[in-house]
Amino acid sequence: MLVAGVLGGVLLTTGCATFAEQPPADSWQPQEQLTPQAGPEPSVPGEGKPGGGGAGGGNKPTEIPPPDGCTDYNPTVIGTCLDTVAAVAALPGDGSDPTALVGERRSGRILRVKRGAEPQVVATIPVDGSTDGGLTGLALSPSYAEDQLIFAYVTTAGDNRVVRIAPGDVPKPVITGIPRGATDNRGALALDRSGALLLATGDAGNAQAAGDLKSLAGKVLRFDAGGAPAPGNPTKDSLVVASGLRAPGGVCTSVNGPGAWVTDRAATQDVLYHLELGKLLSTPAWTWPDRPGVAGCASTATGVLVVMSTAGNAQRLPIASDGSFSGKPEVTLDKDQGFGLLGGLDAVNDQVAVAGTVNKDGGQPVSSDDRAFVIAVGGGGGSGGPD
């Protein structure tokens, strides 16, 4: 992640974060357990859409009424009437009643969402969402239960940067000076199993920058909560642990799976990389020549789930015991199943994740869009870090 002088702390001067008060403890009411959203039967792309009650179009599932204003009757929905949910950070829990923080790309708002409650604004970060950037990455502090710190990747008028947000405080810069361009400003944030932060950055429209180790564009950066290179980085004084990205949509890790993964919209195809610290991201683990718009991802020991912001589906790549992919991607959530275009994704545990929609950014939004909802990850795993 970096070159030494880039970490000069430049305070945000365009606004401040505002935190809403947390609901009182005695307001909690038990909730019916959610069933994660998933397709009736997974199917391989190109071999027909999942439909009806299964791959063969058998019994139809119970029909869910259409949304009515901000009320959404789909039982997996936990947040409604949002705007372009490009980033998601699942809050700690057992997955039975998921709660998450979601980031709106264009507004810079971070909201707490939970089924049965109105979305609660936790913070607002000044962002420039006029390009594909804005607020595109979100992660919790490794000690979130104690410090309530949130990290966000944002685009400003002059750069892309990581900021840290504490309750009742203004956003504080952690890493600044990441190149900003007319395109390819999107990025993604995650924690690895050591507690370090991983950031995937776009090349800001300059393909040469992705291979230049003096630039923070088109890289995977690994750093601690203060923005310094994390212990274990291949080059001790550098934030950069991998290079070669163009427009990343997600980065995800697995506790007991094979390391970390990065999705990227490369020049000619969409790709999924297996992240190996210190190595160029040049040979994808999987490619999508049809360019479905790879976005957020979630990893377990038995598969990697990727959501798509152009095709509007979720695809799971099964992992064999030797770490290789054991088959073609399985469509586990189809665009026609009521959610449309998908953006942010973060795993709650090895079975359940929270996803966000981006229908207000080129899709066909319904009255309750954009939404956050629960989705099945499938297989064993969780959140962890690169080998």
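Whatever comes next refers back to the structure up there.
The following refers to the structure shown. (Residues numbered from 1 in each chain as written. Predicted model: local features only at pLDDT ≥ 70, side-chain atom pairs only at ≥ 80, totals over all residues. Heavy atoms only, no water.)

## Side note on the pattern of salt bridges
Inference 1: Taken as a whole, this structure holds 14 salt bridges when the rule is applied.
Inference 2: Its salt-bridge partner being Lys-114, residue Asp-97 comes within 3.8 Å of it at the nearest N-O pair. With Asp-97 in the loop between β2 (85-90) and β3 (99-104) and Lys-114 in strand β4 (residues 109-114), this pair connects stretches of sequence that are 17 residues apart.
Inference 3: Using a relative accessible area of 18% as the deciding quantity, one classes Lys-114 as buried. (Salt bridge = Lys/Arg side-chain N within 4 Å of Asp/Glu carboxyl O. Helix = DSSP H or I, 4+ residues; strand = E, 2+ residues; numbered from the N terminus. Buried < 20%, exposed > 50% of the residue type's maximum accessible area, 1.4 Å probe, protein only.)

## Topic: the side chain of Arg-161
Inference 1: Here Arg-161 is to be found in strand β8 (residues 160-165).
Inference 2: A polar contact of 3.1 Å, which involves the side chain of Arg-161, links it to the side chain of Asp-159. (Polar contact = N/O pair within 3.5 Å; in protein donor to acceptor, adjacent residues only side chain to side chain.)

## Re the state of the cysteines
Inference 1: Applying the stated criterion across every chain yields a total of 2 disulfides.
Inference 2: Between the sulfur atoms of Cys-70 and its disulfide mate Cys-81 the distance is 1.9 Å. Since a negative S-S torsion denotes a left-handed disulfide, the Cys-70-Cys-81 link at about -105° is left-handed. One end of the pair, Cys-70, is in the segment before β1 (77-79); the other, Cys-81, is in the loop between β1 and β2, and 11 residues separate them in sequence.
Inference 3: Through a disulfide, Cys-252 is tied to Cys-297; the S-S separation comes to 2.3 Å. In this structure, the disulfide formed by Cys-252 and Cys-297 twists by about -120° around the S-S bond and is classed as left-handed. Note that Cys-252 is positioned in strand β14 (residues 248-253) and Cys-297 in strand β19 (residues 294-300), a separation of 45 residues in sequence. Judged on exposure class, the residue Cys-252 and its partner Cys-297 are both buried.
Inference 4: Counting its disulfide-bonded cysteines in sequence order, the protein chain shows a connectivity of 1-2, 3-4. (Disulfide = S-S within 2.5 Å.)

## Some words on the sheet that holds strand β7 (residues 150-155)
Inference 1: Strand order in this open sheet of 4 strands is β6-β7-β8-β9, and the pairing throughout is antiparallel. Where the open sheet ends on each side, the last strands, each with one partner, are β6 (135-140) and β9 (172-178). Adjacent strand axes in the sheet meet at a mean angle of 15°, parallel and antiparallel pairs treated alike.
Inference 2: Here β7 pairs with β8 via 6 bridges, running antiparallel. Bridging across to β8, Thr-155 finds its partner in Asn-160. (Pairing = 2+ DSSP bridges. Axes fitted to C-alpha atoms, helices over the stretch in contact; angles between N-to-C directions.)

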